[in-house]
Every structure is written in structure tokens, then in C-alpha cells.
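Okay, here's what each chain looks like letter by letter:
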Amino acid sequence: MRMFCSFVLAISAASFIPDMAGAATVTVEVRSSDGKPLAGAVVLIDAARKPAGPIKFDYAYEMAQKNITFAPHVLIVPVGSTVTFPNRDKVRHHVYSFSKPKRFDLKLYGKEETRSVVFDKAGVVALGCNIHDAMSGFVLVVDTPYAMQTDANGRAAITGVPAGAASVRIWHPTIRTPDNMLSQPATVSATGYSTTYTIRGR
């Protein structure tokens, strides 16, 4: 489905799920042009106050090749992360990216072999395989700890976001904007914030 860019209908209303002191939950729903939930969109919150210490997510920074696909299709990692690329297929792969935030080229390697890449700049890194043209994946390198993908209901609920001015960004490969990204300012109250994005298509 093709989607168009210049248009985000943001229906905002307060939502209020109290969290820890001084922080709140931001709930974002993303819908495609036909009004259906858009799963797999990445929601990023840029808060006015940054947390102390390095950003970490509680999962492995791994982009496997399995069944001639990238698994997961989208991987979110903090800036400076080392991402491993294990080959779990019986065939060899040649993983590469021409994306500006990180260009790299992992020459042919086979089953049970692993390569790694350090992602040292924020942005979207599109992946491909020189042997299997149909393979497509993305590494989203972020400088915020408030990032997650929407679920099957097109919903993401991010906890612990500091109250105050913020920016909500939405990324999905079908969004027709520079970097496939939409952005909108927001104000997160002490009790939370909620918004819905509907992406108008054509």
C-alpha cells in the first residue's frame, strides 16, 4: 500500500496512566489511510529531559538471517551499539547498507557464522543482501530511550517519559516523507499523553 506524506491527522486527547514520579506514559496509535491499525511502525519520543546514563534496551542487538529474511525485520538500537549479524540459513549471505547513517559491506559468509557492525550515528539504516534481492530489513539507531514498535493493534505505550515539552516521531517504510518519518510536537503532562496518527494514503 502506498502512503502519502504531508498529512498527519493527529487526534489528541489526554490519556492518563500514572507512572513513576515525574514521569508518565505516552500512548500512540498509528493507523493507515484505510483506518486500520498499522503494526510495526516505530514510535520515538524526544523528551526535553534526557535520562542519565547510557541508553539500553532489554533485548539482544541481533539481526539474524533466517529463512532468507532478516529477523527481526526492524531492530531498534541505541547510538553506539554493536549489532551482530548471525547467518542461520544454509546458504551464504552478503549483507550491506548504503544508508548515510551507516554504510557497510559484510562479504559472503555462511551458516552459523556471525559478523558485527557498530552503529555510531542516529538514523535509519536500510539493509539488503547482495545474493538475495528480496531480503529487506532496517536498523533504527536512536538517541532516545523512549522508542518501540506498534503492536498488532497499531498501538505503542511508552512508560517513564518525563513530563514537559516533547516531540513524537513516527517511522514506517511506507510513509512517503524524507527518511519515512513524521514528527509532531507534544506536551506530556504529569498524568500522561495520548495521540492517534492517521496516515493519509493515495
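Above this note sits the structure.
Since this is a predicted model, take the numbers as computed values, not measurements.

Visitor: I keep staring at the sheet that holds strand 3 (residues 42-47) and nothing clicks. Help me out?
Guide: Two orientations exist for strands paired in a sheet by backbone hydrogen bonds: parallel and antiparallel. Taken together, the 4 strands give an open sheet; going across it, the order is 13-3-15-16, and neighbouring strands pair in antiparallel fashion. The strands lining the two open edges of the sheet, one partner per strand, are strand 13 (147-149) and strand 16 (181-188). Averaged over all neighbouring strand pairs, the angle between strand axes comes to 20 degrees, with direction disregarded. Here strand 3 pairs with strand 15 (residues 164-171) via 6 bridges, running antiparallel. When the bridges of strand 15 are listed, Ala47 appears paired with Ala166.

Visitor: Could you clarify how one ought to interpret the nonpolar core in this entry?
Guide: Among soluble globular proteins, nonpolar side chains are generally buried collectively. Phe85, Phe104, Phe119 and Leu140 are the most contacted members of the largest nonpolar core, which totals 30 residues. Among the secondary structure elements, those contributing two or more residues to this core are strand 3, strand 6 (74-78), strand 7 (81-86), strand 9 (104-109), strand 10 (114-119), strand 11 (123-129) and strand 12 (137-142). Element by element, the count of residues in this core is highest for strand 12, at 5 residues. Dropping the residues within four chain positions of it, Phe104 is found in contact with Phe85, Val95, Tyr96, Ser97, Val117, Phe119, Val125 and Leu127.

Visitor: Can you help me understand the side chain of His132 in this one?
Guide: Along the chain, His132 turns up in the loop between strand 11 and strand 12. What makes His132 buried here is its relative accessible area of 17%. Those residues in contact with His132 that lie beyond four places of it in its chain are Ile68, Val91, Arg92 and His93.

Visitor: What is the right way to read the pairing of strand 3 from this model?
Guide: For a regular strand, side chains alternate in direction, first toward one face of the sheet and then toward the other. A large share of strand 3 lies buried, amounting to 6 of its 6 residues. The alternating pattern of strand 3 places Val42, Leu44 and Asp46 and Val43, Ile45 and Ala47 on opposite faces, both of which are buried.

Visitor: Can you walk me through the pattern of salt bridges in this structure?
Guide: Side chains carrying opposite charge are able to pair once their charged atoms draw close together. Here the structure, examined in full by the defined rule, presents 6 salt bridges. We note a salt bridge from Glu62 to Arg88, for which the minimum N-O separation is 2.8 Å. Of this pair, Glu62 sits in the loop between strand 3 and strand 4 (64-66) while Arg88 sits in the loop between strand 7 and strand 8 (93-97), and the two are 26 residues apart along the sequence. Given the relative accessible area of 25%, Glu62 is considered partly exposed. Look at Arg88 and you get partly exposed, because its relative accessible area is 39%.

Basis of the calculations
Residues numbered from 1 in each chain as written. Predicted model: local features only at pLDDT ≥ 70, side-chain atom pairs only at ≥ 80, totals over all residues. Heavy atoms only, no water. Pairing = 2+ DSSP bridges. Helix = DSSP H or I, 4+ residues; strand = E, 2+ residues; numbered from the N terminus. Axes fitted to C-alpha atoms, helices over the stretch in contact; angles between N-to-C directions. Core = buried A, V, L, I, M, F, W, Y, C linked by side-chain atoms within 4.5 Å. Buried < 20%, exposed > 50% of the residue type's maximum accessible area, 1.4 Å probe, protein only. Contact = heavy atoms within 4.5 Å. Salt bridge = Lys/Arg side-chain N within 4 Å of Asp/Glu carboxyl O.

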